[in-house]
Amino acid sequence: MRVLSGIQPTGLIHIGSYLGAIKHWIELQEKKECVFFIADLHALTVLREPKTLQKDIFELAAELLAVGLDPKKCIIFVQSQVKEHTELTWLLNTITPVAELERMTQYKTKTKQFKKNVNAGLLNYPVLQAADILLYQTNLVPVGKDQLQHLELTRTIARKFNQRFGRYPPAGPIFIEPKALITEIGAKIMALTEPKKKMSKSFPKSCLYLFDNPKIIREKIMTAVTDPGKEIKYNLSKKPGISNLLTIYNLFSGRTIKEIEKEFKGKGYQIFKEKLAQLLIKKLEPFRRKKKEFELNQAFLEKTLEDGRKRAQVIAEKTMKNVRKKMGLSSF
Ligand code: ADP
Ligand code: TRP
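What you see is a predicted model; the values in this text were computed from it and never measured.

Student: Help me understand the site of ligand 1 in this model?
Tutor: Of all residues adjacent to ligand 1, which total 18 residues, the nearest are G144, D146, I189, K198 and K201. In the model, an oxygen atom of ligand 1 is placed 2.8 Å from a nitrogen or oxygen of the G144 main chain. Look at ligand 1: alone it shows 530 Å² of surface, and the protein chains cover 94% of it. The element best represented in the shell around ligand 1 is helix α1 (residues 15-28), accounting for four residues. Partitioning the shell around ligand 1 into residue classes produces six nonpolar, eight polar and four charged.

Structural data, given as structure tokens:
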């Protein structure tokens, strides 16, 4: 049972990506074979400053290790370092209908957001993602809800590829059809500033970053948009702001939403927010400390990513050898 997931180096980790995805990666590495990577090629689909990309990649690596990814328990590497990702992307492109790509929600959002840079990479983004996943014969992909559509497309591409090329000897499926792993609570943490929108790095103001300092954490929580009324009650349609804060409280404290509602009955938003800020400051403190330690050890980060690349490459090469044969690009 192999698990794989990726994250783009387009900004720092926020509590949305942590609760929706990375927290599960950390649990999964204890019991499954896990492959995690920094998706730098995906990040190129929006304009990047070449001078800062390397720094962003290493900072994200430091953050991933600080929150608990352990190179002894999983493979961690940088996507562009394993060339098979781009090779397989091209091959999968040749069987992916353009119409399927054009209906992707993320593509539609991004073409609106980055009107001046609607490049072919934005359209082909999900094909690269499919290549990432299929290359490693992945069974499970832990992601947030926003990625479900890309996962469905990956399954469609795998199926199509298997049907088309799987009949050549030795006959049988070439790719495993992966499943998304989504946990209902936390799969979509909403923006603190606009609780009807997803918290996203594309909108930095919407985010509470895992490594924000205590003063900023308090400020962001105390000014988080809430709803009319003053009751602390979970109700997604009528109280999206408070429901989002309750979800965050629940996931960081391990206490149920019912218990939290009971504790804050009749106490009002201000007290609830103050307690939530205190909880986050306390829970996030070790992350801040460890990030600093890892950042001071560039040699360790480099070695970790290089070791990861080597281990990933072995798996990727094996799949590609078979794919090339099945497509007639090398002899049987
Ligand atoms: P962003 O959308 O902010 O750019 P990333 O691309 O870094 O986030 O996402 C990394 C992982 O975190 C993905 O699996 C994604 O589904 C998940 N994720 C991102 N934002 C959220 C959120 N607000 N709630 C839950 N999961 C999220
Ligand atoms: N597209 C994902 C995101 O924006 C990141 C990603 C790239 C990914 N390749 C992947 C996630 C493969 C899971 C599997 O969050």
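The discussion continues.
Student: Teacher, can you tell me more about the packing of aromatic side chains here?
Tutor: How two aromatic rings sit relative to each other is given by the distance of their centres and the angle of their planes. Taken as a whole and judged by the stated rule, the model has eleven aromatic pairs. Seen in terms of ring centroids, F77 and Y136 are 5.9 Å apart; in terms of plane orientation they differ by 50 degrees. Their pairing is tilted. Pair noted here: F77 is in strand β3 (residues 75-78) and Y136 is in the loop between α7 (120-135) and β4 (140-142), with a separation of 59 residues, a long-range link. Just as F77 is buried, Y136 falls in that class too.

Student: Help me understand the packing of helix α3 (residues 50-67) against helix α13 (residues 298-327), please; the structure alone is not making it clear to me.
Tutor: Helix-helix packing: each pair is described by the crossing angle between the helix axes and the interaxial distance. Packing of α3 against α13 brings their axes to within 10 Å, and their N-to-C directions diverge by 85 degrees. Taken together, the axis directions place α3 and α13 in an arrangement best described as roughly perpendicular. Contact residues: α3 offers F58, A61, A62 and L65, while α13 offers Q298, F300, L301, E302 and L305. The residue inventory of the contact of α3 with α13, partitioned by class, reads seven nonpolar, one polar and one charged.

Student: How should I be thinking about the pattern of salt bridges in this particular structure?
Tutor: Side-chain pairs of opposite charge can arise whenever the charged atoms involved come near each other. Tallied over the full model, the rule gives 26 salt bridges. Among the ionic pairs, E33 bridges to R2, the shortest N-O distance being 3.0 Å. On the criterion of sequence distance, the pair formed by E33 in strand β2 (residues 33-38) and R2 in strand β1 (residues 2-7) is long-range, its members being 31 residues apart. Taking the relative accessible area as the measure of exposure, E33 reaches 40% and is therefore partly exposed. Salt-bridge contacts for E263 lead to R255; the nearest nitrogen and oxygen are separated by 2.7 Å. According to the relative accessible area criterion, E263 is partly exposed, its value standing at 29%.

Student: Help me understand the site of ligand 2 in this model?
Tutor: In the vicinity of ligand 2 lie 14 residues, with Q8, Y125, Q129, D132 and Q147 positioned nearest. Taking Q8, its side chain carries an N or O atom lying 3.2 Å from an oxygen atom of ligand 2. Q147 is positioned such that a nitrogen or oxygen atom in its side chain is 3.2 Å from a nitrogen atom of ligand 2. Taken together, the residues of the shell around ligand 2 break down into seven nonpolar, six polar and one charged.

Student: Just checking my understanding: could you explain the pairing of β2 for this structure?
Tutor: Residues in a regular strand point their side chains to alternate faces of the sheet. The element β2 is largely enclosed, with a buried count of five among its six residues. Of the pairings in the sheet, the one linking β1 to β2 comprises six bridges and is parallel in character. Counted as the bridge partner of G6 is F37 from β2. In terms of handedness, the path from β1 via α1 over to β2 forms a crossover that is right-handed. Sheet topology places β2 next to β3; four bridges connect them, and they run parallel. Bridge assignment links F37 to a residue of β3, and that residue is F77.

Reading the values: rules and limits
Residues numbered from 1 in each chain as written. Chains lettered and ligands numbered in written order. Predicted model: local features only at pLDDT ≥ 70, side-chain atom pairs only at ≥ 80, totals over all residues. Heavy atoms only, no water. Near = heavy atom within 4 Å. Polar contact = N/O pair within 3.5 Å; in protein donor to acceptor, adjacent residues only side chain to side chain. Areas by Shrake-Rupley, 256 points an atom, 1.4 Å probe, with all protein chains shown as cover. Helix = DSSP H or I, 4+ residues; strand = E, 2+ residues; numbered from the N terminus. Nonpolar A, V, L, I, M, F, W, Y, C, P; charged D, E, K, R; others polar. Phe/Tyr/Trp six-rings, centres within 6.5 Å; stacked < 30°, edge-to-face > 60°. Buried < 20%, exposed > 50% of the residue type's maximum accessible area, 1.4 Å probe, protein only. Axes fitted to C-alpha atoms, helices over the stretch in contact; angles between N-to-C directions. Parallel < 35°, antiparallel > 145°, perpendicular 65-115°, else oblique. Contact = heavy atoms within 4.5 Å. Salt bridge = Lys/Arg side-chain N within 4 Å of Asp/Glu carboxyl O. Pairing = 2+ DSSP bridges. Right-handed = clockwise from strand over helix to strand, strands pointing away.

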